[in-house]
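Close look at the chain arrangement
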Amino acid sequence: MNIMLAKENLPEKVEMRQVYCDTLIEMSEADDRVVVLDADLMTAMGTLRYAKRFPDRTINCGIQEANMIGVAAGLSAAGKIPFAHTFAAFASRRALDQVFISGAYAKLNIKIIGSDPGITAALNGGTHMSFEDLGIMRAIPQMTVIESADSSAFRDILKKIKDVYGMFYVRLVRKNAIKIYEEGSTFEIGKSVLLKNGSDITIIAAGFCVAEALEAARMLEAKGISARVIDMFTIKPIDKEAVIKSARETGAVVTAENHNIINGLGSAVAEVLGEHMPVPMGRIGIKDSFGEVGPVDYLKKRI
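Scope of this entry: the structure provided in the associated data block. A quick note: this is a predicted structure, and the numbers were derived from the prediction, not measured.

With that out of the way, let us pick up the sheet that holds strand β9 (residues 227-231). Strand pairing in a sheet is mediated by backbone hydrogen bonds. Such pairs are either parallel or antiparallel. Spatially, the 5 strands line up as an open sheet ordered β7-β9-β8-β11-β12, and their pairing is mixed. Taken across any chain shown, the strands that pair with only one partner, and hence form the sheet edges, are β7 (193-196) and β12 (281-286). Taken pair by pair, the neighbouring strands of this sheet meet at an average axis angle of 25°, ignoring direction. Two strands pair when backbone bridges link them, and strand β11 (residues 253-260) and β12 are joined in this way by 5 bridges, in the parallel orientation. Residue pairing for β12: Asn260 is matched across the bridge by Ile286. Strand contacts of helix α9 (residues 209-222): β7, β8 (201-205), β9 and β11, with the helix running at about 160° to β8, the strand carrying the most contacts.

Next up, the structure:
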């Protein structure tokens, strides 16, 4: 890994969906095996530019998420590298059987992009608000589960997973993230990033909660509490060594996630601690409830 931290954690000027499209175009220009599938969300996702550039490698499957995964499985079996996108709720709940049987059980190579996870579904409301997708996906054998904190991490991770055979689920906030890393940073799947050292407590976060964790650490520091902050962008396979080391050195752990505290990042960390290094632990996230309609800033108060 080559990690360069941003000097300031400010909103990025580029949206994550633009980075998705730009990176797909870049990868497709270099590798004709890359194909893109969508479930009638190409306008919302900003991938119409890709379709214009590569019309013969773009498939809009319509509002048929399960069928989209089946098509992706067929393309994978034919030697292609399919990137299939829909909302996280539909990628996990609606298409689960196809992801499990047609993709993972068949040992195929599909990169599933689940956008608008958790409260970032915002005004789309509870039906589209996935507080369970991490749990669903990490329970599938040999599935790799990732949630990037910002566009720099997302860009590098997309390039990494293209060249690794297997099933991947990547959570994606479509709009502007808070900048955590400088451009050119590189990441290793399965290894976390230590963003801030600390001696009193460890905060382990993923996705947009990474920026929240850094702000919490600054607030704690003002009160004389030294908080370590870790970006656990790979939720499965989790970086066990980093979890154990931090628990041993700080003596307490808190997780922060845009997900149900059941079966997500908090549960994954608790499993490691329970087996290897029991310490006091807290989980910040959705408390086993359904979503609701509202802007993200309002919904953040539920976490």
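Anyway, onward from the coordinates.
Attention shifts here to the nonpolar core. Tyr20 and Phe83 are the most contacted members of the largest nonpolar core, which has 53 residues in total. When residues of this core are assigned to their parent elements, the largest contribution, 7 residues, is made by helix α1 (residues 16-30). Dropping the residues within four chain positions of it, Tyr20 is found in contact with Met45, Thr47, Phe83, His85, Ile113, Phe154, Leu158 and Leu172. In terms of nonpolar packing, the next biggest core, distinct from the first, is built from 42 residues, Ala84, Leu108, Tyr169 and Val269 among them.

Turning to its location among the elements, Asp156 is positioned in helix α8 (residues 151-162). The exposure class assigned to Asp156 is buried, which follows from its relative accessible area of 11%.

Attention now moves to the side chain of Ser76. You can see Ser76 is positioned in helix α4 (residues 65-77). Each residue touching Ser76, except ones within four places of it in the same chain, is listed here: Pro82, Leu108, Asn109, Ile110 and Tyr165.

With that settled, consider helix α11 (residues 265-276). Taking 1.5 Å as the rise per residue, α11 with 12 residues should run 16 Å; its terminal C-alpha atoms sit 17 Å apart, in good agreement. Residues Leu265, Gly266, Ser267, Ala268, Val269, Val272 and Leu273 constitute the buried set of α11.

Once that is clear, we can look at the sheet that holds strand β1 (residues 34-38). In space, the 7 strands of this open sheet follow the order β2-β1-β3-β4-β6-β5-β10, with mixed pairing throughout. Each edge of the sheet is formed by a strand with only one pairing partner; in this case those strands are β2 (58-60) and β10 (234-236). Direction aside, neighbouring strands of the sheet carry axes that sit 20° apart on average. Sheet analysis places β1 next to β2, joined by 3 bridges and oriented parallel. Bridging from a neighbouring strand, Asp38 pairs with Asn60 of β2.

Conventions and cut-offs
- Residues numbered from 1 in each chain as written.
- Predicted model: local features only at pLDDT ≥ 70, side-chain atom pairs only at ≥ 80, totals over all residues.
- Heavy atoms only, no water.
- Pairing = 2+ DSSP bridges.
- Helix = DSSP H or I, 4+ residues; strand = E, 2+ residues; numbered from the N terminus.
- Axes fitted to C-alpha atoms, helices over the stretch in contact; angles between N-to-C directions.
- Contact = heavy atoms within 4.5 Å.
- Core = buried A, V, L, I, M, F, W, Y, C linked by side-chain atoms within 4.5 Å.
- Buried < 20%, exposed > 50% of the residue type's maximum accessible area, 1.4 Å probe, protein only.
- Expected span 1.5 Å × (residues − 1).

The quantities given are spatial measurements derived from coordinates; they are silent on function.
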